[in-house]
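Overview (structure and organization)
Given next are the chains, with one letter for each unit.
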Amino acid sequence: MQRTTPPLKIIYSPGYDISCFGIERLHPFDSRKYSRAWALLKQEFGPALSKFHVRVDRPVRDEELLLVHSPEYWRTLRISAHLAAALEIPLLKYLPAWLLRWRVLRPMRWAVRGSVLAARAALETGVAVNLSGGYHHAKPSQGEGFCVFSDIALIVRQLRAEHLLAATDAILYLDLDAHQGNGVCHQFQTDHQVHIFDMYNEDIYPRSDQQARDRIDCAVPLPFNTSGADYLRALQQWLPACLDSQCRSEKVKLAIYNAGTDVFVRDKLGGLALSEQDVLQRDLFVFAELRRRQIPTVMLLSGGYSPESHRLVAATVRNLLGS
Ligand SMILES: [Zn+2]
């Protein structure tokens, strides 16, 4: 029987994990979920995994990040207090900024580069997953919500600069992390070639960012503690309609899927109630809808603050690999 699963690329670097003398554990985030997800996949697929793997060649460079961030913001990254605020770990302000840049921001730079490589791979092969990234709260001049660099905006700007995307190409940004992707809305405030679909818990951070919410093209706000059944019903109701209205007017050249696993019921921050099976169904529904419309798709991990997060990610990738 002919294999129907499209080629998949998995972008991963051992440089993704974050460790800063244990202080990172003060945030509920599992800062090693990247290598844990990779290890689960490796365990299951063994050496066969290497044919899907794209190595990350280097961390993203300053000049690349300045495509999406202001020079003023850049200067604040040399101040520990600003970094501690963006990373939401107040104690970090007592560490020297150079140390934070090395132990915390450098892994994020690897991840941002991985997101760009994943988007390139998606354009070539159809589907790619970066086992990190998805920093959707990073604004042009401010980092917040554990997001310092906007890999999502960089995907668009850098691929345009490389002429892999034209300025007039339609791009879909699909955000199913439990938190509203306010940073992305600010990044694309006036760039309407990027069509934004965002389904989020309306009762949690960043609740007060009305300017961001006003930018969303298709917003699906959900109440606190929404069940998996209600979540999937809303997704099935709104996503195909949104895709159809977008595809009717112009061909979408790339979808960026921000697949936060903080929608999981045991997540400490997301405030939604999806089971493990619901999260998998969510992801598979998204990929099926995008594949049906032949839209190349790059998936980014984004948030996920439960010890199970890496298992949820691995389950989706395992299914995409067709096992
Ligand atoms: Zn989140």
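What this report covers is the structure whose coordinates are included nearby. Remember, predicted model here, so these are calculated numbers, not experimental data. (Residues numbered from 1 in each chain as written. Predicted model: local features only at pLDDT ≥ 70, side-chain atom pairs only at ≥ 80, totals over all residues. Heavy atoms only, no water.)

Further remarks concern helix α5 (residues 97-125). Note on helix geometry: an α-helix contains 3.6 residues per turn, so any two residues three or four positions apart are oriented the same way. A rise of 1.5 Å per residue sets the reference length of α5, with its 29 residues, at 42 Å; its end C-alpha atoms lie 40 Å apart and thus fit the reference within 8%. Taken as a whole, α5 carries its principal kink of about 45° at Leu-105; the proline Pro-107 stands between one and four residues after it. In the stretch just after α5, Gly-126 is the one whose phi turns positive, near 115°. (Helix = DSSP H or I, 4+ residues; strand = E, 2+ residues; numbered from the N terminus. Expected span 1.5 Å × (residues − 1). Bend = angle between axes of the 7 residues up to and from the residue.)

Below, the discussion takes up empty space enclosed by the protein. Empty space among the atoms becomes apparent when a probe as large as a water molecule is rolled across them. Summed over the entire model, instances satisfying the criterion amount to two cavities of 30 Å³ or more. Here the largest cavity defines a volume of roughly 130 Å³. Along the walls of the largest cavity sit 19 residues, with Gly-134, Tyr-135, Ser-302, Gly-303 and Tyr-305 positioned nearest its centre. Taken together, the residues that form the lining of the largest cavity break down as seven nonpolar, nine polar and three charged. (1 Å grid on protein atoms, 1.4 Å probe; cavity = no way out; pocket = protein on both sides within 12 Å on 5 of 7 lines; lining within 4 Å. Points joined across faces, edges and corners; volume = space filled by probe spheres on them. Nonpolar A, V, L, I, M, F, W, Y, C, P; charged D, E, K, R; others polar.)

Taken together, the protein ligands of the zinc ion are Asp-177 (OD), His-179 (ND1) and Asp-262 (OD), with distances of 1.9 to 2.1 Å. Donor residues binding the zinc ion come from one chain and are separated in sequence as D-x1-H-x82-D. Of this pair, His-179 sits in the loop between β4 (170-175) and α7 (182-187) while Asp-262 sits in the loop between β7 (252-258) and α10 (276-292), placing them 83 residues apart in sequence. The class for His-179 is buried, based on a relative accessible area of 7%. (Donors = N, O, S within 2.8 Å, 3.2 Å for Na, K, Ca; no water. Buried < 20%, exposed > 50% of the residue type's maximum accessible area, 1.4 Å probe, protein only.)

On to the pairing of strand β5 (residues 194-201), then. Regular strands place their side chains on alternate faces of the sheet. A large share of β5 lies buried, amounting to eight of its eight residues. Going residue by residue along β5, you find Val-194, Ile-196, Asp-198 and Tyr-200 tucked away on one face and His-195, Phe-197, Met-199 and Asn-201 tucked away on the opposite face as well. Sheet topology note: the β4/β5 ladder contains five bridges and is parallel. Across the sheet, the residue bridging to Leu-172 is His-195, located in β5. Across five bridges, the pairing between β5 and strand β6 (residues 218-222) is parallel. Residue pairing for β6: Met-199 is matched across the bridge by Val-220. Crossover handedness for the path β5 to helix α8 (residues 210-215) to β6: right-handed. (Pairing = 2+ DSSP bridges. Right-handed = clockwise from strand over helix to strand, strands pointing away.)

Okay, the environment of Pro-140 next. Along the chain, Pro-140 turns up in the loop between β3 (127-130) and α6 (151-161). What Pro-140 contacts, discounting residues up to four positions off in sequence, is Val-68, His-69, Ser-70, Tyr-73, His-186 and Gln-187. (Contact = heavy atoms within 4.5 Å.)

Moving on, we come to the packing of helix α9 (residues 228-249) against α10. As a packed pair, α9 and α10 sit with axes 11 Å apart at the nearest point and diverge in direction by 10°. The angle between the axes of α9 and α10 places the two elements in the roughly parallel class. Along the contact surface, α9 presents Gly-228, Tyr-231, Leu-232, Leu-235, Gln-236, Leu-239, Pro-240 and Leu-243, while α10 presents Asp-278, Gln-281, Arg-282, Phe-285, Val-286, Glu-289 and Leu-290. A per-class count over the contact of α9 with α10 returns nine nonpolar, three polar and three charged. (Axes fitted to C-alpha atoms, helices over the stretch in contact; angles between N-to-C directions. Parallel < 35°, antiparallel > 145°, perpendicular 65-115°, else oblique.)

For the bond running from Tyr-205 to Pro-206, omega is 0°, close enough to zero to count as cis. Looking at the secondary structure, you find Pro-206 in the loop between β5 and α8. One non-glycine residue, Phe-146, lies in positive phi territory at about 65°. Position of Phe-146 relative to the elements: it lies in the loop between β3 and α6. Judged by relative accessible area, Phe-146 falls into the buried class, the value being 8%. In this structure, Gln-294 is a non-glycine residue whose phi angle is positive, near 55°. One can find Gln-294 in the loop between α10 and β8 (297-300). For Gln-294, a relative accessible area of 63% translates into the label exposed.

A few words on the nonpolar core. Within the largest apolar cluster, 114 residues are counted, with the highest numbers of intra-cluster contacts made by Met-108, Leu-131, Phe-197 and Ile-256. It is α5 that contributes the most residues to this core, 15 residues altogether. Apart from the residues within four sequence positions on either side, Met-108 is in contact with Ile-18, Leu-87, Tyr-135, Phe-146, Val-148 and Phe-149. (Core = buried A, V, L, I, M, F, W, Y, C linked by side-chain atoms within 4.5 Å.)

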